[in-house]
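Structural overview
Letter by letter, the chains look like this.
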Amino acid sequence: MMDAKKKPVPVRVWLGALLIGVVLAVLPFVLGMAGQSWIRTLNFALLYVMLALGLNIVVGFAGLLDLGYIAFYAVGAYVWAMLASPHFGLHLPFWVVMPAGIVLAALFGVLLGFPVLKLRGDYLAIVTLGFGEIIRIFMNNLDAPVNITNGPQGINRVDTFKVGEFVFGRAETFFGIRVTGPEKYYYLLLAVTLLIVFVCVRLQHSRIGRAWEAIREDEIAAKAMGINTRNVKLLAFAMGATFGGVAGGLFASMQGFVSPESFSLTESISVLCMVVLGGMGHIPGVIVGALLLSVFPELLRAVVVPLQQSVFGEVILDPDGIRMLLFGFALVLVMIYRPEGLWPSAVRRRERKMRESQA
Amino acid sequence: MEILIQQLINGLTVGSVYALVALGYTMVYGIIGLINFAHGDVVMVGAMLATTVVLSLVGADPAGMSAWLAVGLALLAAIPTCMAIGWTAERYAYRPLRRAPRLAALITAIGVSFIVQNIAMMVWGRNYLSFPHIIEPMVFQLGEARISLLQLLIIGGAALIMVGLMALVHRTRLGTAMRATAQNREVAGLMGVNINTVISAAFLIGSALAAVAGVMIVTYYGVAQYTMGFMLGLKAFTAAVLGGIGNLGGAMLGGLLLGLIEALGAGYIGDLTNGVFGSNYQDVFSFIVLILVLIFRPSGLLGERVGDRA
Amino acid sequence: MSTMATSKTAGGGQVLLQASGLSKRFGGLQALSEVSFSIRQGDIYGLIGPNGAGKTTLFNVMTGLYVPESGRCEFAGHVLTDYKPHQIAEAGFARTFQNIRLFGNLSALENVMIGRHVRTRAGVLGAVLRNRATRREEEQIEARAYELLEYVGIVERANDIARSLSYGDQRRLEIARALATDPKLLALDEPAAGMNPSETVVLRQLIEKIRGDGITVLLIEHDMKLVMGLCDRVLVLEYGKVLAEGRPAEVQHNPRVIEAYLGAGAAKELGITATQEEQA
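Conventions we followed
- Residues numbered from 1 in each chain as written.
- Chains lettered and ligands numbered in written order.
- Predicted model: local features only at pLDDT ≥ 70, side-chain atom pairs only at ≥ 80, totals over all residues.
- Contact = placed C-beta atoms within 7 Å.
- Helix = DSSP H or I, 4+ residues; strand = E, 2+ residues; numbered from the N terminus.
- Nonpolar A, V, L, I, M, F, W, Y, C, P; charged D, E, K, R; others polar.
- Core = buried A, V, L, I, M, F, W, Y, C linked by C-beta atoms within 7 Å.
- Buried ≥ 20, exposed ≤ 12 C-beta atoms within 10 Å, placed from the backbone.
- Pairing = 2+ DSSP bridges.
- Axes fitted to C-alpha atoms, helices over the stretch in contact; angles between N-to-C directions.
- Expected span 1.5 Å × (residues − 1).

1. Points about the interface of chain A and chain C
With 28 residues of chain A at the interface, the matching set in chain C holds 31 residues. Counting residues per element, the ones that place at least two in the side of chain A that touches chain C are α6 (181-204), α7 (207-217), α8 (219-224), α9 (229-255) and α13 (346-358) of chain A. Counting residues per element, the side of chain A that touches chain C draws most heavily on α7 of chain A, which supplies seven residues. Residue composition of the side of chain A that touches chain C, grouped by class: 14 nonpolar, four polar and ten charged.

Here it is as structure tokens:
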């Protein structure tokens, strides 16, 4: 009666995993041949995967539409920037700064979660949007009378990630192979991303994950079954915020510079787009969505700019504008034609079949 | 005291604009339960288009054309354009989702907002457009405070429009149909109301109001830019919620009130906080008002209590 | 079936739930006025009344979905009227819903597993680390879920999506899910609604089985045959007030109850008069 879970994993799954592992291991060197900027793109893609996975917990697992998610990314980034840069003259090690960023981000997550818990879907979305913007405005203005965030100029010369003597930001030569800063960062980000994926998978198939699903399906029934929906929702916010904070800290150390511009509403919406387009609640789908939507604009830029220059002699259509325009269309089209996303979870696929049979 | 009256005047002016935009939000929300994220961007298009029209008419020869004519032509261009945008969004993006969960419609609205914003950016660029100073800077004294011709026009114009809208909603067949649809869509349909027409009408009217609001805003502040829709839209939405979403009178009241709160807040915040927070935190007010209202009194000032049933 | 007599005397223990003076109004409508009653451990207690009598309102007040203007409801040492819905479930008071509120897109098994949430403990750390205690708890949750599906008779549908189950099976699934919370009192909101006679017989046997296993049952129902045949005591509501309370046979012959259902004057026509007891 106990089912398929206990069967041994088939050989082809192991082979597939091995193949993916090999690809992931050599990817930066392959891309490096096309130029270092592609490795940077890849690194940002990994950051977006982390963010998308974090938002997925809030939106996909628990069903709470958070439009201000980028605020946690901002908190994580600024904490790193403030504790590990010349700004305050602090250069604390990563094992102090990272946890500090995580704790503060999680705290903000709970603070944000508390007031919004009773709100209906669309109101919750607007309030979270408001919070996200408030955080950005504060980041932008807390340079007077006491200079905390250095305002619109941001904080620069932020310390890079350092483990003992091993510095991630600098290029080095190992056994005759030259490894650049971005390449080193790739492995760090990959490791953290894999860790986050692992945690998400574990959470999904646990008592907590089921509680989130219950709330998403029918909150009143969930309460009647003894689930403390307030605490469980707060947990979703806190977990999502934690991942955002981690990504933020890594971002700050990698980029070496933080400013409020990187944390706009557009970014929140972009991450939401990744989750929605990829497949809300489905971890592989969300990863694919994040990779697609972070890599595609760069590909677009690489194609569109030279194309326009050769045809028109100048760039008429701003590639950023095209990117956001396509995002907009993607959101609309996905919601109308495939709201469960490109790669939906089994639950969502069932919802789709239900919809189709009723139509 | 003079400052107070001055702030009140300023607040009423901006508040009138908020009210016009809030009406658009509240009409749509009242009928189909959607927060039309893209509404603010429609206002922006109205503002940008009006500026472009006036610039091209007047740019060469500032004294040559009557200000009234220029603004009139600007309105003539802006209103149909905005109505077209609103109609298109409803017809192709929102109508297919009428039976879908609310979050799907909200996400779609965000998508539409992005589309409108970025098309505007590609058309007009990222720079600010300056509205030429063609309106007479005539000023009237009210005791120690002053009210400009423009402010009078805005407050008066908005008031006239709001009266007209109330007349439409309460005295015409279309208005009755709209109110019926807002109360109970299915039954209204069964009673012979063409739901699609009513909903389209709500969007058309709302967008027309948005166009007028856009023209007002750009003549008042003198600048327009493709990102202006977001903040403005959010504030107007706050106004609609403050007054009671779905309630036309509420939208008007909320708009005026929010304008006043903002003006007074910006005016006095420096004094209140001993210079710690300046008027650059002005936008935060609206957000805080929004959050407080949604948490503590989601039905707004004039709305009905919204209960939760098992 | 004369098992009726035995099941009736099987109940009648200590008072498990005591409601006193519950009142609830919605705007101008007084949905409940001063409703008081008590349920004894081991009873199958019925709640009946014409439509609009306030049965579901009373139910929702007891289970924490509505806050009453006045009155109290005590249950196994807890004051339910102070509690939120999830605390009420934790205290041992489980319920089903009139309109069936299952987690539609999840499997039947997952639905029942969620019912175990309130009696289990694993948190985020346990979820991520999957230590021995967590793994054991997960195994127990799954095993108990299968047991309960078997108990209500739908174990072969364990991996089917809740929404795809037949109406009768969905009702039974909801009961299994409620039982997963290890309740002392199981409250069923119109469980027989929409069932045909043979399904109703199966339901009745299930309810008797549940009571036989030590769980007190509160039943809101319209199906008179089921209520009168199954319940030890019955509470009759009308217009938010208690009309009658007592054994089914007594209630059935109460002229006021008859008039509430059949109209004024019906009692007289049927030749039924109040006994001494009821006039008091």
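2. Here's the deal with the nonpolar core
Side chains that are nonpolar tend, in soluble globular proteins, to be buried together. Within the largest apolar cluster, 303 residues are counted, with the highest numbers of intra-cluster contacts made by M50 and A52 of chain A together with A19, V21 and V215 of chain B. Sorting elements by how many residues they give to this core places helix α2 (residues 36-61) of chain A first, with 17 residues. Setting aside chain neighbours within four positions, we find V215 of chain B in contact with G46, A47, A50, V71, A74, L75 and A78 of chain B.

3. Focus: the sheet that holds strand β5 (residues 78-79) of chain C
Residue and element names in this part refer to chain C. Strands sit in the order β2-β1-β4-β5 across an open sheet of four strands; the sheet is antiparallel. Of all the strands in the sheet, the pair left with one neighbour each is β2 (29-40) and β5. In the sheet, strand β1 (residues 15-26) pairs with β2 via eight bridges, with the strands oriented antiparallel. Opposite Q18, over in β2, you have S38 as the bridge partner. Packing against the sheet, helix α2 (residues 55-62) makes contact with β1, β2 and β4 (70-75), and its axis sits at approximately 65 degrees to β2.

4. Structural notes on the pairing of β1 of chain C
All names here are of chain C. Linking two consecutive strands that pair antiparallel, namely β1 and β2, is a turn of two residues; a positive phi of about 60 degrees is found at G27 within it. Sheet topology places β1 next to β4; five bridges connect them, and they run antiparallel. Looking at the pairing, L17 lines up with F75 of β4.

5. A few points about the interface of chain A and chain B
In this assembly, 31 residues from chain A lie in contact with 32 residues from chain B. Top contributing element to the side of chain A that touches chain B by residue count: helix α5 (residues 121-141) of chain A, with eleven residues.

6. So, helix α8 (residues 195-221) of chain B
Residues and elements named next belong to chain B. Taking 1.5 Å of rise per residue, 27 residues should cover 39 Å, and α8 covers 38 Å from first to last C-alpha, within 8% of that figure. Taking burial as the measure, the 27 residues of α8 include 20 buried ones, the bulk of the element. Phi for G222, located one or two positions after α8, is positive at around 85 degrees.

7. Brief notes about the environment of R233 of chain C
Residues and elements named next belong to chain C. Relative to the helices and strands, R233 resides in strand β9 (residues 233-238). Remark: the alpha-carbon pair of R233 and G46, spanning 187 residues in sequence, is separated by 6.2 Å. With residues up to four places along the chain from it excluded, the contact list for R233 reads D43, Y45, G246 and R247.

8. Details of the sheet that holds strand β7 (residues 185-189) of chain C
All names here are of chain C. Overall, mixed pairing links the six strands, which are arranged β6-β7-β8-β3-β9-β10 in an open sheet. Looking at which strands have only one partner, the edges of the open sheet turn out to be β6 (93-95) and β10 (241-246). Looking at each pair of strands side by side, their axes are set apart by 20 degrees on average, direction ignored. With three bridges connecting them, β6 and β7 associate as parallel partners. Bridging from a neighbouring strand, A94 pairs with L186 of β7. Helix-sheet contacts for helix α8 (residues 197-212) involve β3 (44-48), β7 and β8 (216-220), and the interaxial angle to β8 is about 150 degrees.

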